[in-house]
Every structure is written in C-alpha cells, then in structure tokens.
Amino acid sequence: MRQMSGLLLLFFVLSAAAQDSMNAHYKIYDTRTKQIVTIDKIVADVAAADVLFFGEEHNDSAGHYLENKIFRALHGAYGNNLALSMEMFEADGQLGLNEYLAGKIDESRFSKDVRLWTNYKDYRPMIEYSKQNKIPVIAANPPRRYVTMVSRRGMISLDSLSHEAKKFLPKLPYDTLTGRYREKFFAIMKGSPGGENPRVYHSQSLWDAGMGNNIYKFLKKNKGKKIFHCVGGFHTEEKLGTAAQLLMRNKKLKILNIASFSDKSFSNPDWEKESYRGDYIIITNPDLKKTY
C-alpha cells in the first residue's frame, strides 16, 4: 500500500512538473486591460460571453496545449452549459461524431467514417474529454468538396446541389464579406497560384459562413450554452471572418476572441503592435517543436 501511494505521489509530481514546464512557453495578454493575465482570467470573462474563439496556428504545440487546458477550465467553470465547436470537423460528419461521442461506434470506425485531419492527434484530447464528460461537439466546417466546387466553378455551382446537400451549407447566396477581411485575404494570397481569383476568396468565405451558421444554429436550439470554437487564426482575427459571419446572424451575441501564435518576439513581445488581433493575445515560444 505504501509503495502504491508512493507511485501515485510520483505520478502527480511528474504531471505537475510537466505542466509547469509548459507554462514557461506561452504568455497571455489582455488587450483591454493591457495586462499579462492567466487562463483563469479568460475563463472568468466568458461569464459575460456567448462564444470564445481560439484562433490557432495548426501546428503550434503550445497552442494545442492551451486549447485543451482552456477547454477543460471552461468546463470546470460552466459545466453542462459548455459546447465545443471545431473547424476540424465537417458538417456532414456530425452524425459519425455524435455516435462516437455517445459510445455507439469505436474509435477505429470513427476514424474511417469521419474525415479526420492528418494532425488529429492534436485535437484528440479535447474529443476524448468531451466524450467522457458528455459535452456536445459541433462539426462546424462545411464539407470540403463544396468549398472546392466554389474555388473551381464559382458560387453559382452550389445552386445545382440537392436539397439534402444544401442542409450542410449556409443559406445561399452567402455573404462574402467585402472590406477589411477581403483586403487582408488578397494581401496574404498575393503572388500565390490563383491568389487573385475571386473564386478562391469566395471559397474562403464559404468556410466562414458555414462555421458561423453552424454555431448560430446550435445556439438557437440550445439557449444559454457557451461555445468554445477552435479555428485557424485568420478566420477570427480582428473578429472578422467566422466571427463576423456569426454576428451577421445574431448581432446580440457577445463574443471574445483569442489570437494565438508563435513569434520570435516571445522573450520581449510588443503587445501594442499585436493588440489589433483580438481580446487576448497569446504568444508562444517559436523554439518549441511543431506538431507537424
């Protein structure tokens, strides 16, 4: 018995040490109070919000660590009032996702039936936690095949889809968000193949409109729920993209956004320079190994 107690104590000590070591690899800044803050501050602020967007870099190991840690902290604070939403699942995979979360199919079947990202291992901890704690997960993205249709043949190609297919899309025609978001997109894409083709931007807009619409529909059916939405940073930076599409559907919603990214300025960040990105800026250590 004493040996078992000693092993358990060692396990908890090692776990705490691992967490403490990761704490040295990220910094969180609240752009409204202009202060370095902790995860607890973000969680407390969500009391007055409906949706918290976590804008990630898809291969940032510290970012994925923080997503999981914030998600668990939110669940600890808001319990059954929390739902997870993810860009990493497509809307037509919602049934398979629900069946896995409910324990109706095993993980092997789940991985075959749902189009998992190649770095699913980075998101698996949140899915497993959701399964264990019966937390609903929104497969937020529209099916990629329809996004590809738009990039190749334009928005009008979606009109030919069946009624069943259109259930996975926002109401057509969807808004393509002129202004700042469009300007940023074309600035980033300049010089890349097809970067000046409006169809490529319209396909990007379908992602945003689809995610915004799926979050909106969930909230409409589940009054009082809070949503933690994980998504690539560009989609919600400056509360544009997906965030703007959501607010178009319900202007009364209160949202908060996190912009998380690794940067060479990590040791001495210029917070004012980055503050335009969101309510919270998370800068992670660029020397950490990427997840892919």
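Residues numbered from 1 in each chain as written. Predicted model: local features only at pLDDT ≥ 70, side-chain atom pairs only at ≥ 80, totals over all residues. Heavy atoms only, no water.

*Asks:* Explain the sheet that holds strand 2 (residues 35-36) to me, please; I cannot follow it from the model alone.
*Replies:* Backbone hydrogen bonds hold the strands of a sheet together, and the pairing may be parallel or antiparallel. The sheet built from 8 strands is open, its strands ordered 2-1-8-7-3-6-4-5 with mixed pairing. The sheet terminates laterally at strand 2 and strand 5 (137-141), the two strands that pair on one side only. Across the sheet, helix 11 (residues 242-249) touches strand 3 (51-56), strand 6 (226-232) and strand 7 (255-262), and the angle it forms with strand 3 is around 160°. (Pairing = 2+ DSSP bridges. Helix = DSSP H or I, 4+ residues; strand = E, 2+ residues; numbered from the N terminus. Contact = heavy atoms within 4.5 Å. Axes fitted to C-alpha atoms, helices over the stretch in contact; angles between N-to-C directions.)

*Asks:* Hey, could you run me through unusual backbone geometry in this one?
*Replies:* One can expect most non-glycine residues to show negative phi and most peptide bonds to be in trans. For the peptide bond that leads from L172 to P173, omega is -5°, which places it in the cis range. Along the chain, the position of P173 falls in the loop between helix 8 (163-166) and helix 9 (180-189). Positive phi, normally seen in glycine, also occurs at E238, with a value near 65°. Secondary-structure assignment places E238 in the loop between strand 6 and helix 11. Its identity is not glycine, yet K239 carries a phi of approximately 60°, on the positive side. Mapped onto the elements of the fold, K239 is located in the loop between strand 6 and helix 11.

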